[in-house]
Amino acid sequence: MTEPTYRGPAGVAREVDLIARVAEGDRKAFEELYHLYHRRMSRFLTRLTRRYDLAEEVINDTFWIVWRKAHTFRGESQPSTWILGIAYRKARNAFRASARLAEKNLQVHELPLTTEEPAGVEELRDWLGRALAQLPVEQRLAVELCYELGHSCEEIAAIMDCPVNTVKTRLFHARAKLQKLLPQLANPVSTLERARAGGQE
Amino acid sequence: MAESCRNEEIGLLLPWLANGRLQPPDRIRVEAHVRECEHCARDASVQRLMCDALTEPDRVSYAPGPSFRKLMSRIDGRSPAPREERRTSRLRAFPIAAHAAWRPPGLAWAVSFLLVTGFAAIAATTYHWSQPRYTTHFAPAHVTPNVVHIAFVPSVSVGETEALLRSAGARVVEGPDATGVFGVSPASTAGTSTAQASAQLRALAARLHTDARVRWVEPLSADASVETPER
């Protein structure tokens, strides 16, 4: 199935319309909204929880709320802010529960520090993924919402239900830690060139 | 290597310069700074690199269909207890956690029973102690055989009381208590039968009752009941 993508004001208007139809019990609209968000959420939730099943569970818990509470959406925020705000709360709880259990039961995979350059964008993304896993959950979510999902600072603050300055601080600390974990980020130009060259091969 | 930049505010905004979500006034200011500051220019490149890496098309293709069907079955009530199922499945995935979460049901019931019983006992005790504890001379616990209880009007002196009791043929056997009540009995009851003692007691109560300085007389013994309306 081709994934529908909505960007810009038209996309926002479309999502508002879908939510209004969902509030009336329109299952087709619900399915469209679900598909629209599934990929976006799957990626960052999988990276966050490192478990597909948990990511899937968070998505369905989120849309369960969307189905039941769509009538409460008044359009005061963007649909993505509303939906991802629900997802954020669900993910945070699931992540904490999962992390507690993982601490007891699983070995934590420490990122092996390396000074080698990544062979391509995919490898760089893998490294980033493993480095992100070592960040506190709030910082990790802020990184994902900013870099991957492309939200503004104000939107992230609304999603995470915290002040704008807190978002900036979280990202600041996350960036500092990522640069420590991935020293090759200190030379972004060569890393980027190598990564892109690797990606074209 | 570029020197660190002292403009912290600009540094905090670089992630949004990279993802293109900085609003025009801030964007113009940050871009102008980045053009001149080598440190921030390098940092901005790092941010763009991270954006590129994290927004690259995924190698994994997600198939939302089965998940959506699962969600719809939950909405339609075909999966009535999803939370419980999820909890169970999670516990299955982590055996140690499952073990920690397990509790013997019998023990749980016993603990619950003890808790409920304990709370009930505490509640009953608290209620009992919270009630005002009145005592009365009419209460059977205070019945003393062959004793008449008597209260005098407050103005009567100790000497007058003694003289009054002496003249009535009574002696003090109890009191006075905190409320000024005396217990008196006939001065001589030696060698009398129970019936005689009872008759003496009634006679004593009647004598005392006639005195104006006596506020009330109360023969508490059933055998010695005398009508003594309170003055």
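Residues numbered from 1 in each chain as written. Chains lettered and ligands numbered in written order. Predicted model: local features only at pLDDT ≥ 70, side-chain atom pairs only at ≥ 80, totals over all residues.

Here we take up the overall build of chain B. For chain B, the helix and strand inventory stands at 9 helices and 4 strands. Order of helices (α) and strands (β) in chain B, N terminus to C terminus: α-α-α-α-α-α-α-β-α-β-β-α-β. Taking all 231 residues of chain B together, the buried fraction comes to 22%. Sequence-distant contacts in chain B: of pairs separated by 6 or more residues, those separated by 24 or more amount to 53%. (Helix = DSSP H or I, 4+ residues; strand = E, 2+ residues; numbered from the N terminus. Buried ≥ 20, exposed ≤ 12 C-beta atoms within 10 Å, placed from the backbone. Contact = placed C-beta atoms within 7 Å.)

Bringing the overall build of chain A into the picture now. Check the secondary structure of chain A and you find 9 helices and 0 strands. Ordering the α and β elements of chain A from the N terminus gives α-α-α-α-α-α-α-α-α. Across the 201 residues in chain A, those meeting the buried criterion constitute 41%. In chain A, of all internal contacts separated by at least 6 residues, the share reaching a separation of at least 24 is 66%.

So, on to the nonpolar core. Residues and elements named next belong to chain A. Residues Ala142 and Ile156 are the most contacted members of the largest nonpolar core, which totals 67 residues. Counting residues per element, this core draws most heavily on helix H2 (residues 27-49), which supplies 9 residues. Once you skip the residues sitting within four places of it in the chain, Ala142 turns out to touch Ile156, Met160, Val167, Arg170, Leu171 and Ala174. (Core = buried A, V, L, I, M, F, W, Y, C linked by C-beta atoms within 7 Å.)

We now examine the confidence of the model for chain A. The predicted coordinates should not be examined in detail at positions where pLDDT is low. Residues and elements named next belong to chain A. Mean pLDDT over chain A stands at 78; residues scoring 70 or higher make up 75%. Model confidence for chain A, summarised as mean pLDDT per element, is weakest for helix H9 (residues 188-200) at 56 and strongest for helix H7 (residues 153-160) at 92. pLDDT under 50 marks residues 104-113. Its contacts with residues more than four places away, or in other chains, come to 10 contacts. (pLDDT = per-residue confidence, 0-100.)

Okay, the environment of Leu54 of chain A next. Mapped onto the elements, Leu54 of chain A comes out in helix H3 (residues 52-69). Sequence spacing of Leu54 of chain A and Phe95 of chain A is 41 residues, and the spatial spacing of their C-alpha atoms is 8.4 Å.

Here we come to the packing of helix H1 (residues 8-18) of chain B against helix H3 (residues 38-55) of chain B. Residue and element names in this part refer to chain B. Across the interface, H1 lies against H3 with an axial gap of 8 Å and an inter-helix angle of 40 degrees. At the point where H1 passes H3, the crossing takes the right-handed sense. Between H1, through Ile10, Gly11, Leu14, Pro15, Leu17 and Ala18, and H3, the contact on the second element is made entirely by Cys40, Asp43, Ala44, Gln47, Arg48 and Cys51. Partitioned by chemical class, the residues of the contact of H1 with H3 number 8 nonpolar, 2 polar and 2 charged. (Axes fitted to C-alpha atoms, helices over the stretch in contact; angles between N-to-C directions. Left-handed = near helix turned anticlockwise from the far one by under 90°. Nonpolar A, V, L, I, M, F, W, Y, C, P; charged D, E, K, R; others polar.)

Glycine aside, negative phi is the norm for most residues, and most peptide bonds take the trans geometry. The phi dihedral of Asp161 of chain A falls on the positive side, at around 55 degrees, and the residue is not glycine. Residue placement: Asp161 of chain A occurs in the loop between H7 and helix H8 (164-181).

A word on H2 of chain A. It helps to recall that an α-helix has 3.6 residues per turn; residues three or four apart then point in one direction. For H2 of chain A, spanning 23 residues, the distance from its first C-alpha to its last is only 29 Å, which falls clearly below the expected 33 Å at 1.5 Å a residue. Phi turns positive one or two residues past the end of H2 of chain A, at Arg50 of chain A, with a value near 60 degrees. (Expected span 1.5 Å × (residues − 1).)

All right, on to the confidence of the model for chain B then. All names here are of chain B. Summing up the model confidence of chain B, the mean pLDDT is 75 and the portion of residues at 70 or higher is 71%. Per-element confidence in chain B is highest for helix H2 (residues 24-36), whose mean pLDDT is 90, and lowest for helix H6 (residues 95-101), whose mean pLDDT is 44. The model gives residues 91-101 a pLDDT under 50, and that stretch makes 11 contacts with residues more than four places away or in other chains. Counting contacts from residues 220-231, a segment whose pLDDT is below 50, to residues more than four positions away or on other chains yields 27 contacts. Prediction confidence for the complex, expressed as pTM and ipTM, is 0.55 and 0.73 respectively.

It is worth spelling out the pairing of strand E3 (residues 181-186) of chain B at this point. Within a regular strand, the side chains alternate between the two sheet faces. Residue and element names in this part refer to chain B. Of the strand pairs in this sheet, strand E1 (residues 148-152) and E3 are connected by 4 bridges, and their pairing is antiparallel. Note on E3: the bridge partner recorded for His149 is Gly183. The sheet contact formed by strand E2 (residues 170-174) and E3 spans 4 bridges and is antiparallel. In the strand pairing of E3, Val172 is matched with Val184. (Pairing = 2+ DSSP bridges.)

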